Amino acid sequence: MTSIRSYFNKAIIRQDLKQYGWIGILYLLALLFFIPFLMLFAVREGQPVQQLNSLYEVTNRISLVLLLIFPVLAGTFIFRYLHAKAPSDLYHGLPITRSQLLTSHLCSALVLITVPVWITAVLSALIRPYADYYVYDLTMVWEFGIIYTILGLFVCAFTILMAICFGQTLIQMVLTYGLLFTPAWLMVLGIMHIRQFLFGFHDYYFENGYSNLFTIEKVTPMLRIAGASRESFGWFELTMYLVFALLFLGLGYFLYRKRDGAAASQTIVYRFLTPLFVILVMLFCSLVGGFYMSGMRDNSRVILMIGYILGGIFGYLVVQMVLHRTWLVFTRKVLVHGVIYMITLAAILYIPVSGIGGYESRVPEQADVKSVLYSDSYLSFINKYDSSGQRIDNNISSYFTEDKEYTAAVIKLHEAIVEKYKEGKLSENEEYSRDTMDFTIGYELNNGHRILRKYIVKTSEFGDYLKPLMESTYYKELGYNLKGLNEDETSSIELYNPYLNKQIKINEPKEIEELKNLFIEETMNMSYKDQIDARKQEAWASIHFINYESRNNNYYGSWKKSFAELEAWLEEKGYADQVRMTPADITSMTITRNINNTGFVLDRNANNPALDYYAYMAKLAGETRVTEDMDKENIILNQKYFDVYVDKSKEDTPYLVKVTLNNRESVIWSLEDFPEGLQ
């Protein structure tokens, strides 16, 4: 039986360590600096002792980035002989098998990436009594060693596999990092692509990790290893990284035995990899080109498609130039293959948005629904943060309700939306206007599956379906965070007006309790009309319910113009005019008519496009100056938001109001009715 020692050639290992030992030395110095050195010598006077959950938290996970540098360097430099003819012939001419050669080089790489880790771990254990500002136990030290060993092995094994599959060092390094990052760009660009064409697709749900299928930070090795996810490495996850590392090494052994000795300096060693390489580059260039070009033309779908085509062609030509190492690639064979690849690319882009399986029209039966969700499209209610400002992963399921009447109302709304879409009266890219509203519809089914959709609809068309939902206790507690506000302590309340820089802070406990209860009561009593109107006009002031103990217990709301009882209380206390806008805050106010089809060209680089639009309308239609305080108060009470990008229609915005404040700021509002006193 062949001895296991025969697989290790001491001379090759010794030569590797002699030639590339500097990688291990630099890795060791970097680890020592980022972990034990900082724990011993970092100046933290006046700061509390830090309880560590892992040693890499000493530098806020920055030391994890080292795992993406030195294992790649070790794998690249040790196997660089594969990419040049002379050293390749030399090594492959030695009287040892390829398996022995690969094992010896692998052993050298493992020494370079593991020995520094365990030296650092041992030193961290020894200095534990002297690290005055950090508290950690020996378990964390060994966990650190295991984590860095497994992740380093994963990155190094993948680098070695890339070195075997490609014949040029530069291409190999680019693809090593590129493929480690591929899940991220594939998911981000893929989500951007799908939301352009698939009706109801909830991009925010997937982009921000609320899906129980995946999160970008965890499925992308480069981001996960670099510490983009704040979640600790679990044993199951580490086991999977170890399994993948072993798979990469096993595949590397298999491919290395099949590797052509004359493959040095070839871009791609194995022909079966060429189509994958071409399609991946074409897909990336196509998506980037499409979104870049459409972004320059107001997200035009036609421009998006042109960008896809041009990007795909560009990517294909770049790949051919890299493969042939010349720009003279315009041959008949290349062009024919290009057509085939473009058809394949079109199929890849079309299939996810084809609606196969009834994605766009699927509305579950109530009998199959366990619980439902209706909320804003950004799922803002779930956003919670830890003391370092990082978002805490919350279980979205806890925000669903099992109320049968509410479930029936959600299903009715969903059915009405789908019916409108089938009739061609709704699209994937519904334009925003003053009358539109975007929201989330979600279901958790009895079989454990979850369905989430995002829609933009006109409130005037779906008011009968939205009314019972938005007037329900469940919606208000969720959408306005009333439940948490009612249960958590409030240390102080701040009311402020962002236009006027006027603000007051209420610190007296009795007044805090009264104002808080009034706010909750007024919000719970809001009708559907009150809520829709509040979306279209400025509130009197913003309200910040402050909890000094916890950031997660801070709440934001607004003093809406329909809050009569809250207004009366603030007036009684003398707070009202200290924050809301009054005629005394206004230097001048003028009104002009809005006119359709005037040829106004919007300059998106202007400091205030709305002000430019008003000036253009005033020049055409003239303007009326408002001088009486009563008229000013009436306009302030009935004003509506004006968005120059969506509200230029005369039907939606018959009048424009320019308000110049005492602080020299100018605001443009819209007005539905001309004040009677000025006619």
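Right above here is the structure, for reference.
*Asks:* Looking at this structure, how should I read the packing of aromatic side chains?
*Replies:* Describing an aromatic ring pair means giving the distance of the ring centres and the angle of the ring planes. Under the definition given, this model contains 29 aromatic pairs. Geometrically, the ring pair formed by Y374 and F439 is tilted, given 5.2 Å between the ring centres and 45° between the ring planes. Of this pair, Y374 sits in strand β3 (residues 369-376) while F439 sits in strand β6 (residues 436-445), placing them 65 residues apart in sequence. Here the two residues Y374 and F439 agree in accessibility, since each one is buried. Joined through ring pairs, the aromatic side chains of F154, F158, Y241, F244 and F248 make up one cluster. Over the ring of F233 we find R224, and its NZ or CZ is 4.2 Å from the ring centre.

*Asks:* Looking at this structure, how should I read helix α4 (residues 98-126)?
*Replies:* For the α-helix, the turn length of 3.6 residues means that residues three or four positions removed from each other point alike. Here α4 contains 29 residues, and its C-alpha end-to-end distance of 42 Å stays within 8% of the 42 Å for a straight helix at 1.5 Å per residue. Of all the bends found along α4, the most pronounced is centred on T114 and spans about 25°, while P116, a proline, follows it within four residues.

*Asks:* Is there a simple way to explain a nonpolar patch on the surface in this structure?
*Replies:* A cluster of nonpolar side chains, L17, V111, V115, W118, I119, V122, L123, L126, L138 and W142, forms an exposed patch at the surface whose accessible area comes to about 770 Å². Residue contributions to the nonpolar patch peak at seven residues, all from α4. Within the secondary structure layout, L138 lies in helix α5 (residues 138-165).

*Asks:* Is there a simple way to think about the nonpolar core in this case?
*Replies:* One recurring pattern in soluble globular proteins is that nonpolar side chains are buried together. M39, Y136, Y148, Y374, I417 and F439 are the most contacted members of the largest nonpolar core, which has 138 residues in total. The element that contributes the greatest number of residues to this core is α5, accounting for 19 residues. Discounting chain neighbours no more than four positions away, the residues touching Y148 are Y27, L31, Y56, S63, L64, L67 and V117. By size, the runner-up hydrophobic cluster in this structure holds 40 residues, among which are F545, I591, W669 and L671.

Thresholds applied
Residues numbered from 1 in each chain as written. Predicted model: local features only at pLDDT ≥ 70, side-chain atom pairs only at ≥ 80, totals over all residues. Heavy atoms only, no water. Phe/Tyr/Trp six-rings, centres within 6.5 Å; stacked < 30°, edge-to-face > 60°. Helix = DSSP H or I, 4+ residues; strand = E, 2+ residues; numbered from the N terminus. Buried < 20%, exposed > 50% of the residue type's maximum accessible area, 1.4 Å probe, protein only. Lys NZ or Arg CZ within 6 Å of the ring centre and 35° of its normal. Expected span 1.5 Å × (residues − 1). Bend = angle between axes of the 7 residues up to and from the residue. Patch = residues over 30% accessible without salt bridge, like charges linked within 9 Å, V, L, I, M, F, W, Y side chains within 5 Å. Areas by Shrake-Rupley, 256 points an atom, 1.4 Å probe, with all protein chains shown as cover. Salt bridge = Lys/Arg side-chain N within 4 Å of Asp/Glu carboxyl O. Core = buried A, V, L, I, M, F, W, Y, C linked by side-chain atoms within 4.5 Å. Contact = heavy atoms within 4.5 Å.

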